[in-house]
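Here is what each chain is made of, one letter per residue.
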Amino acid sequence: MGYKLAGFEHLGGVEIDPEVADVYKTNHNPKYLFVEDIRDFANRLEFPKDLYDLDILDGSPPCSSFSMAGNREKDWGKTKVFREGQAEQRLDDLFFDYIRLAKKLQPKVVIAENVKGLIQGNAKAYVHRIKKEFEAAGYKVQLFLLNAASMGVPQKRERVFFICQRNDLNFPKLQLRFNEDAIPFGKVLEDVEYNNLTKNEQYLWNNKIYGDGDFGVINVRLGNKQNSFTTKLLYKDKVCNTVTAGDNNILFDIPRKTTKNEVCQIGTYPLDYNFKKIEPKYLIGMSVPPVMTAQVAAEIYNQWLKTAE
């Protein structure tokens, strides 16, 4: 969606989860859609001709192994079955399967997005290896830490972008500086005042004070069990924190959870997007906001690809 906003022709993608792939197909009707494991796709010996002439190959290898909210090092090297697919996968290896695909297709530009945790602590060793693998595949690598809140997205969402140009192109270094005005939650707030909190949520909401970021803080203050840290409080005058697939977002001023339309706007999704059987919060929480992608894509076109036309 972000590439469409930036004026690109969107060809298709690879998605392991059949339900997500169905939503993708329904909303975008791509020319190519491969519902399979990226490892299997990268192992193919031949691809459609179009895929050998790409301007951009963009991917977001699964990132929960590196998230600061996850188990991080405890999960490195382990195989698991995730919602995204039925096959066992070692998430920290999938980045390198994606690079294998880039090496085969040789697009002009390769983009890989991941969580901020990838450049923190012990995970930095992965960054070094990722750079080396991209270089071995024939690419010059630049690394950016970008915040969606400065890019026209009403959400604080810091993400790492590896942006790589093929060696033979000799583009200048990409410059990415975004300074859009912050968009507070109040700008996307709907004028509805129903109460849909549980009894316990209402109890904690009644005991909040200005500045509390989540229900976990309230529980600690009240001497309760240390839980509910994923139940976030949203303030009308502040930019929304990162929306994740598992978060529960409740308004500070009104005892209710976010509406579908509010979540869509926080994630810069169209209000008429067809999520089919998937909860909108899940899909949006797993996504790079389309407007964030569009901002990056537009700069790549203006600074690099436009000069190669």
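A brief structural summary. (Residues numbered from 1 in each chain as written. Predicted model: local features only at pLDDT ≥ 70, side-chain atom pairs only at ≥ 80, totals over all residues. Heavy atoms only, no water.)

1. Considerations on helix H7 (residues 215-222)
Along an α-helix, a turn takes 3.6 residues, which lines up residues three or four apart on a common side. Rules: Think of it in three bands: residues with accessible area under 20% of the maximum for their type are buried, residues over 50% are exposed, and the middle band is partly exposed, with areas taken using a 1.4 Å probe on protein chains only. The helix and strand labels rest on DSSP assignments: H or I over at least four residues marks a helix, E over at least two residues marks a strand, and numbering proceeds from the N terminus. Picture the helix axis, draw a direction to every C-beta atom, and the arc is the one those directions span. Pairs of residues are marked as contacts when any of their non-hydrogen atoms sit within 4.5 Å. Counted as a polar contact is a pair of N or O atoms within 3.5 Å, where, for protein atoms, one must be capable of donating a hydrogen and the other of accepting one, and residues adjacent in sequence contribute only when both atoms are in side chains.
Every buried residue belonging to H7 is among Phe 215, Gly 216, Ile 218 and Asn 219, and all of these are buried. Down the axis of H7, the sector holding all buried residues measures 160 degrees, keeping them to one side. In the core, the buried residues of H7 are packed alongside helix H6 (199-206), strand S9 (231-234) and strand S10 (248-251). Of the residues flanking the start of H7, the one acting as N-cap is Asp 214, its side-chain oxygen 2.9 Å from the backbone nitrogen of Gly 216.

2. A short note on the side chain of Asp 247
Selection rule: For this count, His and the chain ends are skipped, Lys and Arg are scored as positive, and Asp and Glu as negative. Here, a salt bridge means any side-chain nitrogen of Lys or Arg that lies within 4 Å of a carboxyl oxygen of Asp or Glu.
Within the secondary structure, Asp 247 sits in the loop between S9 and S10. No salt bridge is formed by the buried Asp 247, whose closest oppositely charged neighbour, Lys 232, lies at an N-O distance of 4.9 Å. Among the polar contacts listed, one links the side chain of Asp 247 to the side chain of Thr 244, at a separation of 3.0 Å. Setting aside chain neighbours within four positions, we find Asp 247 in contact with Thr 230, Lys 232, Thr 242 and Lys 281.

3. Things to note about the nonpolar core
As a reminder, the rule being used: We define the nonpolar core as a collection of buried residues of types Ala, Val, Leu, Ile, Met, Phe, Trp, Tyr and Cys that are connected through side-chain atoms lying within 4.5 Å of one another.
Within the largest apolar cluster, 31 residues are counted, with the highest numbers of intra-cluster contacts made by Leu 51, Phe 95, Leu 101, Ile 130, Phe 134 and Phe 162. The set of elements that each furnish at least two residues to this core consists of strand S2 (32-34), helix H3 (38-42), helix H4 (91-105), strand S6 (109-115), helix H5 (124-136), strand S7 (139-147) and strand S8 (158-166). No other element matches the 8 residues that H4 contributes to this core. The residues touching Ile 130, leaving out its near neighbours within four places in the chain, are Phe 95, Phe 96, Ile 99, Leu 118 and Phe 162. Grouped together as the second largest cluster of nonpolar side chains are 23 residues, Tyr 3, Phe 8, Leu 146 and Val 288 included.

4. Here's the deal with the packing of aromatic side chains
Going by this rule: Only the six-membered ring of Trp is used, alongside the rings of Phe and Tyr, when aromatic pairs are assigned; centres must lie within 6.5 Å, and planes under 30 degrees apart are stacked while those over 60 apart are edge-to-face, with the rest tilted. We call a charge positioned over a ring when the NZ of a Lys or the CZ of an Arg lies within 6 Å of the ring centre and within 35 degrees of the ring normal.
Counted under the stated rule, the structure contains 15 aromatic pairs. Centroid distance Phe 8 to Tyr 301: 6.3 Å. Interplanar angle 85 degrees. Geometry classified as edge-to-face. On the criterion of sequence distance, the pair formed by Phe 8 in the loop between helix H1 (2-5) and strand S1 (12-14) and Tyr 301 in helix H10 (residues 290-303) is long-range, its members being 293 residues apart. Taking 5.4 Å as the distance between ring centres and 15 degrees as the angle between the ring planes, the aromatic pair formed by Phe 171 and Trp 304 counts as stacked. Highlighted residues: Phe 171 in the loop between S8 and H6 and Trp 304 in the segment after H10, separated in sequence by 133 residues. Take Phe 171: its relative accessible area is 10%, and that puts it in the buried class. By the ring-pair criterion, three or more aromatic residues cluster together here, those being Tyr 32, Phe 34, Phe 41, Phe 47 and Tyr 52. Positioned above the aromatic ring of Trp 205, the side-chain terminus of Lys 208 is 3.5 Å from the ring centre. Above the ring of Tyr 194, the side-chain terminus of Arg 256 is found at 5.8 Å from the ring centroid.

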